[in-house]
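Per-entry structural report
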Amino acid sequence: MSNYDASKIQVLKGLEAVRKRPGMYVGSTGIRGLHHLVWEIVDNSIDEAMAGFASCVFLTITKNGSIIVEDDGRGIPVAIHPKTGKSTLETVLTILHAGGKFDSDTYKVSGGLHGVGASVVNALSDVLEAWVYRNGKIYHIKFKNGGKPIDELKIIGESQKTGTKIMFHPDYSLMDKNEFDFEAISDRLKQTAYLNKGLKLVVNDERTKISKEFCFKGGIIEYVNELNNSKEKIGENIIYAEGKTLGDDGEIIVEVAMQYNTGFQSNIVSYVNNISTIEGGTHEQGFQDSLTRIFNSYAGNNKLFKNENEKLSRTDVLEGLTAIISIKHIDPIFEGQTKSKMVNKDTRMATNKIISESLEKFMLENPKEAKKIIEKTLLAQRARFAAQTAREVTRRKTVFDVGYLPGKLADCSSKNSEITELYIVEGDSAGGSAKLGRNREIQAILPLRGKVINSEKARIDKIFANNEIASMITALGTGVGEEFNINKLRYHKIVIMTDADVDGSHIRILLLTFFYRYLRQLVEYGFIYIAQPPLYKITEGKKSVYVYTDEEKDKHLNSIQSSKNISIQRYKGLGEMDPEQLWETTMNPENRKMLQVQIEDAAQADLTFSILMGEDVEPRRNFINENAKYVEIDV
Ligand code: 28F
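Residues numbered from 1 in each chain as written. Predicted model: local features only at pLDDT ≥ 70, side-chain atom pairs only at ≥ 80, totals over all residues. Heavy atoms only, no water.

**Describing the overall build of the chain**
- Regarding its fold elements, the chain presents 19 helices and 24 strands.
- For a compact globule of 635 residues, the expected C-alpha radius of gyration is about 26 Å, and the chain comes in at 28 Å, within 12% of that figure.
- Dimensions of the chain along its principal axes, counting C-alpha atoms only, are 85 × 75 × 45 Å.
- Counting across all 635 residues of the chain, residues that qualify as buried make up 53%.
- Taking the contacts inside the chain whose residues are at least 6 apart along the sequence as the reference set, 69% of them involve residues at least 24 apart.
- In the form shown here, the chain has an accessible surface area of approximately 29300 Å², with 53% of it arising from carbon and sulfur atoms.
- Treating the 83 positive side-chain charges of the chain as one cloud and the 86 negative ones as another, the clouds have centres 1 Å apart. (Helix = DSSP H or I, 4+ residues; strand = E, 2+ residues; numbered from the N terminus. Rg over C-alpha atoms; globule rule 2.2 N^0.38 Å. Buried < 20%, exposed > 50% of the residue type's maximum accessible area, 1.4 Å probe, protein only. Contact = heavy atoms within 4.5 Å. Areas by Shrake-Rupley, 256 points an atom, 1.4 Å probe, with all protein chains shown as cover. Lys, Arg positive; Asp, Glu negative; His and termini not counted. Charge placed at Lys NZ, Arg CZ, Asp CG, Glu CD.)

Encoded structure:
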């Protein structure tokens, strides 16, 4: 067998492996996996833009469920690749990881852990076509059934433009979802436009004829503007730092935009080579080092401290701060639960240095704003001390040092947090039913009596003084703020169980806001769930079934249309179910339905919470008007 045939078989084996276990390569076969195919192709265009050769990226969602991505970069090379005997184009589209690793002197989104390469998309598509505009020609190649070439690479025309266009039709038999989500795709392109100032990204949905175009000359400055849109700013200016410095593997480019608002939340969103680093890392540490050092020396020099133990802490300087940290690194290393924590050592100093230069300059040139910012951090510090005392309430302390748990917590007998669950239940009556119906070994119940405070608007001392919040923190066991320790969590499932009415939804969003703002790791680890009680009980003679959605109800009614004596009970509240029913329908791990709360995109989540739960009414009204069409209201 010639080595040509051997490499041909090698290629097919590689692509076959992808088709066997798609989830291994694109994370899941759900909607996120389907969209991962899109990001793989788009990220290659973004790499070409970050290298400075592309200025536009067009994405089309076609009627028949294909995606077309086109950029005006140099065009994937078509020369014969020494190692494979194939054109570079065919190599990039058929050899796993053939694109990302090559030239190691550019910043790659598609590189490293975050990119499996276009060949995976080819493997998971029943048709993929590529057009390359290069050397005054148009080159074309087509693949079917998971990357099998239909024909050799062909020249099909002439053209003076340069660029790459790829169309793929996913093999939906390998995926669970078959519908691209326009909003998710356009949100991602919008974020990419913010991170690459001047880059134009267009998304066009042929199914709905809707298209959106994003191009931000101001880049992350405009991003901070949008994130702070629903908040009252401190000072008009957005502080901006941009620079490059030599790291261990080459130049590190640092770009930061930041602005304070009068709120209490900090919304620091960071990226490395356009990859969202939700778990933070050395770039964020360098950022915090810089602010803490500069603000403390500024406050000291201007005699703004009352006494010297008033030193500002790392969290004081972040209160009310919206900031985007975007760095480019030749060889980023990611760690953490979701591989989204930047750990390169050289980056901490790089970000500290570049931000410090710009921040010092800004404060010298804008003394009034600088003073207002420092005053705000001093207020944050005083609230922190006040919260310290309020927090004493939530910390366990009794003579046995085992700690007391809130009286209304009906704890479970097992202490193995991997199997235990905490149900946070609205109201005493449902709480009572849950206590009676539950599995006492693994299920604890914490009924909420009073209103949960809106932690988007209140300051931390008020939040920890709220009974419901204090009980939850104590029951969870992790502590909060700087003392938070995920390893002390007493339950690995925290289930929010509220009524299926407006009040229930309000309590749910207040709890989610609190978890997102103050116990975010619980969300990031996937420990937060939402119970799904049944909406109806349909009884036909002696037999009853529970249904959880209106369409399930209609489907079931159609299926039993023949018989007569049918009765339907609509459940308005959990309290209408007796303990046995509540257990059977909503708590029994064997057949309950629960939604796991996930953060798609930290910046987006932050923006949504601050709009929905924040001070200003205007942005909330706009958000509701814009999104009302997605809400099913059953009258
Ligand atoms: C619609 C998707 O994939 N655009 C791309 C380029 C440009 C080059 C390139 C890509 C193999 C590994 C070198 C051109 N000229 N859009 C895209 N545009 N890949 S992917 O090179 C990949 C080669 O590294 C390119 C000179 N250098 C690079």
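**Notes on helix 7 (residues 220-227)**
- All buried positions along helix 7 are accounted for by Ile 220, Tyr 223, Val 224 and Leu 227. When helix 7 is viewed along its axis, its buried side chains cluster within an angular range of 95 degrees and face the same direction. (Arc of directions from axis to C-beta.)

**A few points about the environment of Lys 63**
- Considering the arrangement of structural elements, one finds Lys 63 in the loop between strand 1 (56-61) and strand 2 (67-71).
- In sequence terms Lys 63 and Thr 208 are 145 residues apart; their C-alpha atoms lie 8.8 Å from each other.

**As for the pairing of strand 3 (residues 125-134)**
- The buried fraction of strand 3 is high, at 8 of 10 residues.
- Summarising the sheet, strand 3 and strand 4 (residues 137-144) pair through 8 bridges and their orientation is antiparallel. Residue Tyr 133 lies in a different strand from strand 4, and its bridge partner there is Ile 138.
- As consecutive antiparallel partners, strand 3 and strand 4 are separated by 2 residues, and within that stretch Asn 135 has a phi angle of approximately 55 degrees, a positive value. (Pairing = 2+ DSSP bridges.)

**Thoughts on the nonpolar core**
- In terms of nonpolar packing, the biggest core is built from 100 residues, with Leu 59, Phe 287, Leu 291 and Phe 295 touching the most fellow members.
- Residue contributions to this core peak at 9 residues, all from helix 3 (residues 31-50).
- If you look at the next biggest cluster of nonpolar residues, it comprises 42 residues, including Tyr 491, Leu 511, Ile 528 and Ile 599. (Core = buried A, V, L, I, M, F, W, Y, C linked by side-chain atoms within 4.5 Å.)

**Quick look at the packing of aromatic side chains**
- Inspection of every chain in the model, using the stated rule, returns 8 aromatic pairs.
- Geometrically, the ring pair formed by Phe 514 and Phe 515 is tilted, given 6.0 Å between the ring centres and 50 degrees between the ring planes. A single burial state applies to Phe 514 and to Phe 515, both of which are buried.
- Members of the aromatic cluster, each reached through a chain of ring pairs, are Phe 464, Phe 514, Phe 515 and Tyr 518.
- Residue placement shows Arg 520 over the ring face of Tyr 516; its charged tip is 4.0 Å from the ring centre.
- For Lys 553, the ring lying beneath its charged end belongs to Tyr 536, and the centroid distance is 4.8 Å. (Phe/Tyr/Trp six-rings, centres within 6.5 Å; stacked < 30°, edge-to-face > 60°. Lys NZ or Arg CZ within 6 Å of the ring centre and 35° of its normal.)

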